Amino acid sequence: MSKTPEHILTKLTDANQAGIDMTSPKAVVTFLLAQGEKESILFFYKPNSVEFDFDKFNGAVSEMNERKN
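This part takes up the pattern of salt bridges. For the structure on display, the rule yields 3 salt bridges. Linking E6 and R67 is a salt bridge whose minimum nitrogen-to-oxygen distance equals 2.6 Å. Within this pair, whereas E6 is found in helix α1 (residues 6-17), its partner R67 is found in helix α4 (residues 54-68), the two being separated by 61 residues in sequence. Judged by relative accessible area, E6 falls into the partly exposed class, the value being 47%. With a closest N to O distance of 3.1 Å, K46 and E51 form a salt bridge.

Rendered as structure tokens:
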């Protein structure tokens with residue numbers, strides 16, 4: 001069962017296909033902002049916080065990579 005919502009994985013795949021460095025959360029967030037994806041970005045923040053959840057981001061990128069294979 002996927003931990004990451006399908007629409008988030010789709011957005012990450014779009015970023016990856018656009019040549020965005022998937023090891024850089026800043027690059028991915030910048031790409032998503034350019035796409036108008038504010039809600040998708042909020043998924044990667046800790047609940048009730050302004051702190052970015054790097055573990056959640058890395059897990060979602062790993063999940064996206066596993067699906068590609």
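Further notes follow.
Following the sequence through the fold, D53 ends up in the loop between α3 (38-42) and α4. Side-chain polar atoms of D53 contact the backbone nitrogen of K56, separated by 3.1 Å. Setting aside residues no more than four positions away along its own chain, D53 makes contact with F44, Y45 and K46.

Let us look at the nonpolar core. If you look at the biggest cluster of nonpolar residues, it comprises 16 residues, and the most contacted ones within it are L12, M22, V28, F44, F57, V61 and M64. Those elements giving two or more residues to this core turn out to be α1, α2 (25-34) and α4. Excluding residues within four positions of it along the chain, V28 makes contact with L12, I20, D21, M22 and F57.

Turning our eyes to something else, we now look at α4. For α4, spanning 15 residues, the distance from its first C-alpha to its last is 21 Å, which sits close to the expected 21 Å at 1.5 Å a residue. Regarding α4, the residues found buried are F57, A60, V61, E63 and M64. Summarising the axial view, the buried residues of α4 lie within an arc of 160 degrees, below the 170-degree limit, and thus occupy one face. In α4, the exposed positions angled more than 90 degrees off the buried face are occupied by D55 and E66. Buried positions along α4 lie against α1 and α2. At the N-terminal end of α4, a side-chain oxygen is found 3.2 Å from the backbone nitrogen of D55, two or three residues along, and the residue is D53.

The subject of this paragraph is the packing of α1 against α2. Contact geometry of α1 with α2 gives a least axis separation of 10 Å together with a crossing angle of 105 degrees. Comparing their axes, α2 and α1 come out roughly perpendicular. When α1 is examined against α2, the residues K11, L12, D14 and A15 are found in contact with a partner set consisting of V28, F31 and L32. Its residues assigned to classes, the contact of α1 with α2 shows 5 nonpolar, no polar and 2 charged.

Thresholds applied
Residues numbered from 1 in each chain as written. Predicted model: local features only at pLDDT ≥ 70, side-chain atom pairs only at ≥ 80, totals over all residues. Heavy atoms only, no water. Salt bridge = Lys/Arg side-chain N within 4 Å of Asp/Glu carboxyl O. Helix = DSSP H or I, 4+ residues; strand = E, 2+ residues; numbered from the N terminus. Buried < 20%, exposed > 50% of the residue type's maximum accessible area, 1.4 Å probe, protein only. Polar contact = N/O pair within 3.5 Å; in protein donor to acceptor, adjacent residues only side chain to side chain. Contact = heavy atoms within 4.5 Å. Core = buried A, V, L, I, M, F, W, Y, C linked by side-chain atoms within 4.5 Å. Expected span 1.5 Å × (residues − 1). Arc of directions from axis to C-beta. Axes fitted to C-alpha atoms, helices over the stretch in contact; angles between N-to-C directions. Parallel < 35°, antiparallel > 145°, perpendicular 65-115°, else oblique. Nonpolar A, V, L, I, M, F, W, Y, C, P; charged D, E, K, R; others polar.

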